[in-house]
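In case you want the letters, here they are:
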Amino acid sequence: CTLTAAELESDSPYNTRTRPGLPPTAIASPGRASLEAALNPADGDWLYYVLDADGDGAAHVFTDDYDEFVEAKRRCEDAGMCG
């Protein structure tokens, strides 16, 4: 996906290009489960992550194989999802 000039210039509290600091929600206010996951990540040797286009956009691909990552990214882009 490509950002448009209008998106880059939007007057939104989430536009960190035009507003100092963190946005008001989500990234600035992670939930307990997110904090616990960041402090205690699952074991694995993953290097790459992409949201996979499995039909409803709910699948995630974690891999240490670059070619597998590139293929999952291509599926995501072909489905019109940003990666």
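Please read all numbers here as calculations on a predicted model, not as lab measurements.

Lay out the side chain of T63 with the relevant residues and their values.
Inspection of the secondary structure assignment puts T63 in strand β2 (residues 59-63). Among the polar contacts made by the side chain of T63, one reaches the main-chain amide nitrogen of D65 at a distance of 2.9 Å. Ignoring any residue separated from it by four or fewer positions in sequence, one finds T63 in contact with W46, L47, Y48, E68 and F69.

Which residues make up the confidence of the model for the protein, and what values go with them?
Within the protein, residue pLDDT values average 83, and 88% of them lie at 70 or more. The secondary-structure element of the protein with the lowest mean pLDDT is strand β1 (residues 48-52), recorded at 84, while helix α2 (residues 32-39) shows the highest, at 91.

Give a detailed account of the packing of aromatic side chains, specifying residues and quantitative values.
Per the counting criterion, the structure on display carries five aromatic pairs. The interplanar angle of 45° and the centroid separation of 6.1 Å between the aromatic rings of Y66 and F69 together place this pair among those described as tilted. Here F69 and Y66 lie together in helix α3 (residues 66-78), a separation of three residues that amounts to about one turn. For F69, a relative accessible area of 16% translates into the label buried. Among the aromatic residues, those joined into a cluster by ring pairs are W46, Y49 and F62.

What counts, and at which threshold
Residues numbered from 1 in each chain as written. Predicted model: local features only at pLDDT ≥ 70, side-chain atom pairs only at ≥ 80, totals over all residues. Heavy atoms only, no water. Helix = DSSP H or I, 4+ residues; strand = E, 2+ residues; numbered from the N terminus. Polar contact = N/O pair within 3.5 Å; in protein donor to acceptor, adjacent residues only side chain to side chain. Contact = heavy atoms within 4.5 Å. pLDDT = per-residue confidence, 0-100. Phe/Tyr/Trp six-rings, centres within 6.5 Å; stacked < 30°, edge-to-face > 60°. Buried < 20%, exposed > 50% of the residue type's maximum accessible area, 1.4 Å probe, protein only.

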